[in-house]
Amino acid sequence: MDNTDIAAVCQKVLNDNWRGSYTIPSSKMYPHQWLWDSCFIAIGLRHFNIERAQQELLSLGRGQWKNGMLPNMIFASDGRYRQDREIWESKVNPNAPDAVATTGITQPPVLAEAVVQVGKKLNEQQRQAWYKQMYPMLVNYHQWLYTERDPHNEGLVLQIHPYETGLDNTPPMIAEIFEHHQPWWTNILRFVPAEAMINVFRRDLKHIPYIDRMSNTEVLLYYDIIKRLKRKHYEIERVLPHAKILFEDLTFNCILIRANKHLKDIAEAIDRPLSLFLIEKMQKAEAAIDNFWDPYKEEYFSRNFITRQHTKISTLACLMPLYSGAIRKERAEDVVKKLHDHSAFDVSFPVPSVPVNSPWFHEHKYWQGPTWINTNWLIIQGLRQYGFNEEAKRLTNSSLQLVDDHGPYEYFSPLDGSPSGAKNFSWTAALTLDLLNEK
Ligand code: GLC
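Each chain has its residues counted from 1, following the order in which its sequence is written. Whole-chain, interface and lining totals are the exception, using all residues; otherwise, since this is a predicted model, local features are given only for residues with pLDDT of at least 70 and side-chain atom pairs are given and counted only at 80 or more. As a rule here, side-chain values come from all non-hydrogen atoms in the structure, and water together with hydrogens is ignored.

**Considering helix α7 (residues 171-180)**
- Three labels apply to residues, based on accessible area from a 1.4 Å probe with only protein chains included: buried if under 20% of the type maximum, exposed if over 50%, partly exposed otherwise in between. Under the scheme used here, helices are H or I runs from DSSP no shorter than 4 residues and strands are E runs no shorter than 2 residues, and both carry numbers assigned from the N terminus. Among the residues making up α7, those that are buried are Pro171, Pro172, Met173, Ile174, Glu176 and Ile177.
- Buried residues along α7 sit against α10 (216-231), β3 (247-248) and β6 (303-304). Contacts are assigned to residue pairs with any non-hydrogen atoms lying within 4.5 Å of each other.

If you want it as structure tokens, here you go:
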């Protein structure tokens, strides 16, 4: 396909997935609005429909909790999805919005990035108005993140469910959960053929082979964490003392650090001073990224919030400090070396979500091997930020090649590019449009 054809395919996907005021990730598997999906989607939409890009982000405000939290999902009100809404039952918490049902957890804070990227397509006066419109949602969200999620006052925020990382079943999370969160019923699963029974309830398995998705045991463990959070009404003071598993995710925190910088710029542009509380937290955050560095392995890792140990399993998260912009140039060079490592990340269609030499690697299994366009996009921004333009160009080209060869799928094999997951996936389409434009 030439570039105009790819762009047309991607625009069509975004048009088909548009639901009047927001875009769903894909029509069969993901029928609700997701937080970071909408941010990536707006970044693509801005190239051909700026009003819709703005509407996409404004729609996220429907779900904002009174304490500032932006939930990772706002559920469609359709009768078909009652079960999804009931699993979470967000109304157990008085901060939940009245008009829509949401989850009780968040997702990586890409919002400030999306607001700025959309702003770049507006003239000065429009941009001011746009920033003013988005500022309350954004500032309340960051204020909430630091008020509730940084109890150690280090500048790093914690995640209470793996879904909050956006990389649902990334190996470090799964490994930590298997080690620290073993409810009594996991023993029963060894004897009961629960796998077959549960398959009936999973929407994803109606479209994708079981081997490529999370196992049922993993899904049940994730559900168990939701149940425990719900029992505590998603109130952080009640969740923290009893939680068996809490994370300080590297990707989430790197995204937040860059988002903080965007928020500062936005506040300055519209002359709204940020609170001292936020300014101090933002400063701490930039320095705190060193807490993720393991000097022996010479790699960045997420941390287990409770044990305070690094989760020493390599994933693409080790490249995300480039996106944060908060590391020294020499350290950035060390990080980029990983991208050049043939035995790990330098494969035919990078960047694999788990390095190919990892025992966890599986070319088609969700966040345990495949290449995703959204994480590639984040890494490309990081590479550009540090002046690694050649690497950024190469990664842009290989990402576009995947979509050109197969269409905007959810994820792809890093080995041969074969597609997996949902077809006509919105953020793949949107970020492809963005990469085409940047090229
Ligand atoms: C999956 C992904 C998550 C995404 C959601 C909707 O749960 O892991 O990152 O937001 O699907 O696309």
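**So, the environment of leucine 433**
- Topologically, leucine 433 is positioned in helix α18 (residues 426-438).
- When the C-alpha positions of leucine 433 and isoleucine 41 are compared, they lie 9.8 Å apart, and in sequence the two are 392 residues distant.
- Contacts of leucine 433, omitting those with residues within four sequence positions, involve Ala7, Cys10, Gln11, Leu14, Gly44, His47 and Phe48.

**Re the side chain of histidine 364**
- With respect to the helices and strands, the residue histidine 364 is situated in the loop between α15 (329-339) and α16 (373-385).
- Since its relative accessible area comes to 16%, histidine 364 is described here as buried.
- Any pair of nitrogen or oxygen atoms within 3.5 Å is treated as a polar contact; in protein, a donor-acceptor pairing is required on top of that, and neighbouring residues in sequence qualify only through side-chain atoms on both sides. Of note is the side chain of histidine 364, whose polar atom sits 2.5 Å from the side chain of serine 420.
- Apart from the residues within four sequence positions on either side, histidine 364 is in contact with Asp212, Pro370, Tyr411, Ser413, Ser418, Pro419 and Ser420.

**A few points about the environment of asparagine 95**
- Tracing the backbone through its elements, the reader meets asparagine 95 in the loop between α4 (82-88) and α5 (111-119).
- For asparagine 95, a relative accessible area of 25% gives the class partly exposed.
- Along the primary structure asparagine 95 and glutamate 164 are separated by 69 residues, whereas in three dimensions their C-alpha atoms are 18 Å apart.
- When residues no more than four places from it in sequence are discounted, the contact partners of asparagine 95 are Trp65, Lys66 and Asn67.

**Describing unusual backbone geometry**
- Here the amide bond leading from proline 350 into valine 351 is cis, since omega sits at 5°, within 30 degrees of zero.
- Mapped onto the elements of the fold, valine 351 is located in the loop between α15 and α16.
- The phi angle at glutamate 89 is positive, at roughly 45°, despite the residue not being glycine.
- Residue glutamate 89 is classed as partly exposed on the basis of its relative accessible area of 41%.
- The phi dihedral of tyrosine 234 falls on the positive side, at around 55°, and the residue is not glycine.
- Note on placement: tyrosine 234 falls in the loop between α10 and α11 (236-239).

**Observations regarding the pattern of salt bridges**
- The term salt bridge refers to a pairing of a side-chain nitrogen on Lys or Arg with a carboxyl oxygen on Asp or Glu at a separation within 4 Å. Considering all chains together, one arrives at 24 salt bridges under this definition.
- Two residues, lysine 12 and aspartate 16, come together in a salt bridge whose shortest N-O distance is 2.7 Å. You can see lysine 12 and its partner aspartate 16 sitting in helix α1 (residues 3-16), four residues apart, about one turn around the helix.
- Under the relative-accessibility criterion, lysine 12 is labelled partly exposed at 48%.
- Here aspartate 150 makes a salt bridge to lysine 281, at a shortest N to O gap of 2.8 Å.

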